[in-house]
Amino acid sequence: MPEENKEKLHITLHVYDTDLSVNVPREDEEYYRKGAKLITDIVNQYSAIFKGRKSDKDILYMALIDIALRYEKGEGKNDTEPYNDILSKLTSEIEDALK
């Protein structure tokens with residue numbers, strides 16, 4: 001357990017209008033900070049458009065949907081299965097040609 005704590009870093013993240021104190025893996029600190037900034041930026045964008053017309057909760061949910069959509073689209077782009085299939089076929093053809 002003590003070794004685990006050495007790898008953790010205690011940081012404060014400013015997310016929109018809230019400061020969050022979190023323990024994060026040292027190697028992931030940059031990702032946490034970028035994530036907090038992304039959330040803040042997107043909530044600010046939606047707030048600029050909808051403040052006074054939508055509740056704060058609705059604005060947060062809209063930002064969450066926006067981020068989730070970006071994530072899901074990105075995941076789809078990282079699908080390597082079609083490439084693996086093509087590489088397997090090419091490998092088979094090359095091996096057959098070399099025999």
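What counts, and at which threshold
- Residues numbered from 1 in each chain as written.
- Predicted model: local features only at pLDDT ≥ 70, side-chain atom pairs only at ≥ 80, totals over all residues.
- Heavy atoms only, no water.
- Helix = DSSP H or I, 4+ residues; strand = E, 2+ residues; numbered from the N terminus.
- Rg over C-alpha atoms; globule rule 2.2 N^0.38 Å.
- Areas by Shrake-Rupley, 256 points an atom, 1.4 Å probe, with all protein chains shown as cover.
- Lys, Arg positive; Asp, Glu negative; His and termini not counted.
- Charge placed at Lys NZ, Arg CZ, Asp CG, Glu CD.
- Expected span 1.5 Å × (residues − 1).
- Contact = heavy atoms within 4.5 Å.
- Phe/Tyr/Trp six-rings, centres within 6.5 Å; stacked < 30°, edge-to-face > 60°.
- Buried < 20%, exposed > 50% of the residue type's maximum accessible area, 1.4 Å probe, protein only.
- Polar contact = N/O pair within 3.5 Å; in protein donor to acceptor, adjacent residues only side chain to side chain.
- pLDDT = per-residue confidence, 0-100.
- Salt bridge = Lys/Arg side-chain N within 4 Å of Asp/Glu carboxyl O.

Below, the discussion takes up the overall build of the protein chain. When its secondary structure is counted, the protein chain shows four helices and two strands. When the helices and strands of the protein chain are read in sequence order from the N terminus, they spell out α-β-β-α-α-α. Against the 2.2 N^0.38 benchmark of 13 Å for 99 residues, the protein chain shows a C-alpha radius of gyration of 22 Å, more extended than a compact globule. In terms of overall dimensions, the protein chain has C-alpha extents of about 70 × 45 × 15 Å along its principal axes. Of the roughly 8,200 Å² that the protein chain leaves accessible, carbon and sulfur atoms contribute 56%. Of the charged side chains in the protein chain, 15 are positive and 21 negative, and the gap between their average positions amounts to 7 Å.

Another point: helix H3 (residues 56-77). Think of an α-helix as 3.6 residues a turn; residues three or four steps apart then line up on the same face. With 22 residues, H3 extends 32 Å from end C-alpha to end C-alpha; this agrees with the ideal 32 Å at 1.5 Å per step. Each element contacted by the buried residues of H3 is listed here: helix H2 (29-50).

On inspection of all chains with the given rule, the structure shows one aromatic pair. Relative to Phe50, the ring of Tyr46 lies with its centre 6.3 Å away and its plane at 15 degrees, an arrangement referred to as stacked. Note that Tyr46 and Phe50 are positioned in helix H2 at a spacing of four residues, about one turn of the helix. Judged by its relative accessible area of 19%, Tyr46 falls in the buried class.

Looking now at the side chain of Asp66. Tracing the sequence through the fold places Asp66 in helix H3. Note on Asp66: relative accessible area 15%, which makes it buried. Side-chain polar atoms of Asp66 contact the side chain of Arg70, separated by 2.7 Å. With residues up to four places along the chain from it excluded, the contact list for Asp66 reads Ile42 and Tyr46.

With 92% of its residues at a pLDDT of 70 or more, the protein chain has an overall mean of 89. Across the protein chain, the element-wise mean pLDDT spans from 61 in helix H1 (residues 2-7) up to 97 in H2.

By the definition in use, this model includes five salt bridges. Notably, a salt bridge pairs Glu29 with Arg33, separated by 2.9 Å at the nearest N-O pair. Pair noted here: Glu29 and Arg33 are both in helix H2, with a separation of four residues, about one helical turn. On the basis of relative accessible area, Glu29 is assigned to the partly exposed category, the value being 23%. Where Arg70 meets Asp66, a salt bridge forms, and the shortest distance between an N and an O atom there is 2.7 Å. Here Arg70 pairs with Asp66, and both are found in helix H3, just four residues apart, close to one helical turn.

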